There are 2 protein chains.
Amino acid sequence: MTQSSLTAILHLFQAQARLEERFSGALGGVHGLGLKEALLLMHLHQAPMLRLTRVDLAKRLHISASTVTRMAVPMEKLGLVVRQPDPRDARLAYVVLTETGQAIVTDARATFERLAAEVFRDRWTEQEIVGLGELLGRLNSNQVGILV
Amino acid sequence: MTQSSLTAILHLFQAQARLEERFSGALGGVHGLGLKEALLLMHLHQAPMLRLTRVDLAKRLHISASTVTRMAVPMEKLGLVVRQPDPRDARLAYVVLTETGQAIVTDARATFERLAAEVFRDRWTEQEIVGLGELLGRLNSNQVGILV
DNA sequence: GCATAGTGCTTGCAAATGCAACGAATATGC
DNA sequence: GCATATTCGTTGCATTTGCAAGCACTATGC
């Protein structure tokens, strides 16, 4: 049991490292977005009112709040997101997806899907892909994800 | 097919982010090693003659060669690894695991196994863990991993 | 053999990132 | 109500990291 657990975890780390390289390059080339920027937009895309606070984003992306603050600046300048203070709680500053941002995120998601399909194109059956997704999903069962 | 592929990839990213947090914290607390340092040592541990060149390490760890150079410095000072030039090719500088390093890597691997087992402790059957490992292993089939 | 190309490693520099401290605002305990 | 604790967001600072350039060495083509 401990042997198979270690195997699974090490393979997961290895797989992620390679996939991140692959996705970062391709996403950056197509949309000028980094992988992390794309994931941020996708989180906003499936959030109620297309918005999330910065700490909420930080938790979902597993990065620090300061990084979210800094990532948001250039994305605001590009018009992908807008800063929106909360009228009830003056501490909160939502990051809101704009219409431009929605268009970009739709595009980025399509690229994501294409890249993901490529990963499994050879030697994978639909059932295996679904199985992998379900097992990994179970690992994230107490997490907030992008998927609807 | 593209939908299930996307699901699997997004879950993989999400799972890795959480596991990296978990493992980084625990490994650092126990051995004073970062996750990446531990993985570097584990790669050396299963390599022929307990050694690898810096570029080889970089490829296996999916980091740049300069990062390997810099990571090696403090680990040499701690006596975990030693620099060993190749007599045949003066360009090569192997990173060699010392006896101290072997002891540490054995320890770190035990910690790794314990942490990995914890991840799956609840709601996972042995068969599911093995299945996950095999599917992820297939994603890495053309990669050089740590596992023997 | 020699010129050229390629490889391994290091270093300078810039970008990214986390941590801790801070200020502002809200929540809590009494 | 008020004092204290907590939360959110930002900023300064240090650390980490990759990229590009450079140096030393080796392989290749002729």
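Refer to the structure presented above.
Just so it is clear, the structure is predicted and the values come from calculations on it, not from any experiment.

*Asks:* How should I be thinking about the protein's contact with DNA strand C in this particular structure?
*Replies:* Among the 21 residues in the neighbourhood of DNA strand C, the closest are listed as Ser-64 and Thr-67 of chain A together with Thr-69, Arg-70 and Arg-83 of chain B. For DNA strand C, the fraction of protein-proximal atoms (within 4 Å) that sit in sugar or phosphate groups is 63%. Arg-70 of chain B places a side-chain nitrogen or oxygen 2.7 Å from a base oxygen of DNA strand C. If you list the elements that add at least two residues to the surface near DNA strand C, you get helix 4 (65-77) of chain A together with helix 3 (54-61) and helix 4 (65-77) of chain B. Across the surface near DNA strand C, the residue classes tally to six nonpolar, six polar and nine charged.

*Asks:* Just checking my understanding: could you explain the relation of the copies chain B and chain A for this structure?
*Replies:* Two copies of one chain are present, and they are related through a rotation about an axis combined with an axial shift. Superposition record for chain B on chain A: RMSD 0.0 Å, screw rotation 180 degrees, translation along axis 0.0 Å. Taken together, the rotation and translation relating the two chain copies correspond to the operation of a two-fold axis. A high fraction, 98%, of the interface residues of chain B reappear at the interface in chain A, so the copies pair face to face through one surface.

*Asks:* Even after reading the chapter, I still don't get the protein's contact with DNA strand D, so can you show me in this structure?
*Replies:* As a structural note, the neighbourhood of DNA strand D is formed by 21 residues, with Thr-69, Arg-70 and Arg-83 of chain A together with Ser-64 and Thr-67 of chain B the closest of them. If you look at DNA strand D and keep only atoms within 4 Å of the protein, 67% of those are sugar or phosphate atoms. The contact in question runs from a phosphate oxygen of DNA strand D to an N or O atom on the backbone of Ala-93 of chain A, over 2.9 Å. In this structure, a base oxygen belonging to DNA strand D sits 3.1 Å away from a side-chain N or O atom of Arg-70 of chain B. Looking at the surface near DNA strand D, the elements with two or more residues in it are helix 3 (54-61) and helix 4 of chain A together with helix 4 of chain B. When the residues that make up the surface near DNA strand D are grouped by side-chain class, the tally is six nonpolar, six polar and nine charged.

*Asks:* Help me out: how do you make sense of the packing of aromatic side chains in this one?
*Replies:* Centre-to-centre distance and the angle between the planes together describe a pair of aromatic rings. Summed over all chains, the structure comprises six aromatic pairs over all chains. Aromatic side chains Phe-23 of chain A and Phe-112 of chain A sit 5.0 Å apart centroid to centroid with 55 degrees between the ring planes, which places their arrangement in the tilted category. Here Phe-23 of chain A, found in helix 1 (residues 2-31), pairs with Phe-112 of chain A, found in helix 5 (residues 99-120); they are 89 residues apart in sequence, far enough to count as distant. Classification of Phe-112 of chain A as buried rests on a relative accessible area of 0%. Judged by centre distance (4.9 Å) and plane angle (75 degrees), the rings of Phe-120 of chain A and Trp-124 of chain A are edge-to-face. In terms of burial, Phe-120 of chain A and Trp-124 of chain A fall into one category: buried. One aromatic cluster is present, formed by Phe-13 of chain A together with Phe-23 and Phe-112 of chain B through successive ring pairs. The ring of Trp-124 of chain B has Arg-138 of chain A lying over it, and the distance from NZ or CZ to the ring centre is 4.8 Å.

*Asks:* What's the story with helix 3 of chain A in this structure? I'm lost.
*Replies:* For an α-helix the count is 3.6 residues per turn, leaving residues at separations of three or four pointing the same way. Among all positions in helix 3 of chain A, only Arg-54, Leu-57, Ala-58, Arg-60 and Leu-61 of chain A are buried. Each buried residue of helix 3 of chain A sits inside an arc of 165 degrees when the element is viewed along its axis, so together they form one side. Of the surrounding elements, those touching the buried residues of helix 3 of chain A are helix 2 (35-45), strand 1 (51-53), helix 4, strand 2 (81-85) and strand 3 (93-97) of chain A together with helix 1 (2-31) of chain B. His-62 of chain A sits one or two positions beyond helix 3 of chain A and adopts a positive phi of about 55 degrees.

*Asks:* Just to check I follow, could you spell out the interface of chain B and chain A for this structure?
*Replies:* As a measure of interface size, the accessible area lost when the parts come together is often cited. With 56 residues of chain B at the interface, the matching set in chain A holds 56 residues. Buried area between chain B and chain A, both sides added, is near 5700 Å², and the carbon and sulfur share of it is 69%. Linking chain B with chain A are 23 residue pairs in polar contact (both at pLDDT 80 or more), by the criterion used here. Those elements that place two or more of their residues in the side of chain B that touches chain A are helix 1, helix 2 (35-45), helix 5 (99-120) and helix 6 (126-139) of chain B. The dominant element in the side of chain B that touches chain A, judged by the number of residues it contributes, is helix 1 of chain B, at 21 residues.

*Asks:* Which parts of the structure should I look at to understand the sheet that holds strand 3 (residues 93-97) of chain B?
*Replies:* In a beta sheet, neighbouring strands are held together by backbone hydrogen bonds and run either parallel or antiparallel to one another. All names here are of chain B. Overall, antiparallel pairing links the three strands, which are arranged 1-3-2 in an open sheet. In this open sheet, the two edge strands, each paired with only one partner strand, are strand 1 (51-53) and strand 2 (81-85). The sheet shows a mean angle of 30 degrees between the axes of neighbouring strands, direction not considered. Pairing geometry for strand 2 and strand 3, over five bridges, is antiparallel. Residue pairing for strand 3: Val-82 is matched across the bridge by Val-96. Contacts from helix 2 reach strand 1, strand 2 and strand 3, with the element oriented near 95 degrees to strand 3.

What counts, and where the lines are drawn
- Residues numbered from 1 in each chain as written.
- Chains lettered and ligands numbered in written order.
- Predicted model: local features only at pLDDT ≥ 70, side-chain atom pairs only at ≥ 80, totals over all residues.
- Heavy atoms only, no water.
- Near = heavy atom within 4 Å.
- Polar contact = N/O pair within 3.5 Å; in protein donor to acceptor, adjacent residues only side chain to side chain.
- Helix = DSSP H or I, 4+ residues; strand = E, 2+ residues; numbered from the N terminus.
- Nonpolar A, V, L, I, M, F, W, Y, C, P; charged D, E, K, R; others polar.
- Least-squares fit on C-alpha atoms with pLDDT ≥ 70 in both.
- Contact = heavy atoms within 4.5 Å.
- Phe/Tyr/Trp six-rings, centres within 6.5 Å; stacked < 30°, edge-to-face > 60°.
- Buried < 20%, exposed > 50% of the residue type's maximum accessible area, 1.4 Å probe, protein only.
- Lys NZ or Arg CZ within 6 Å of the ring centre and 35° of its normal.
- Arc of directions from axis to C-beta.
- Buried area = accessible area lost by both parts, 1.4 Å probe.
- Pairing = 2+ DSSP bridges.
- Axes fitted to C-alpha atoms, helices over the stretch in contact; angles between N-to-C directions.

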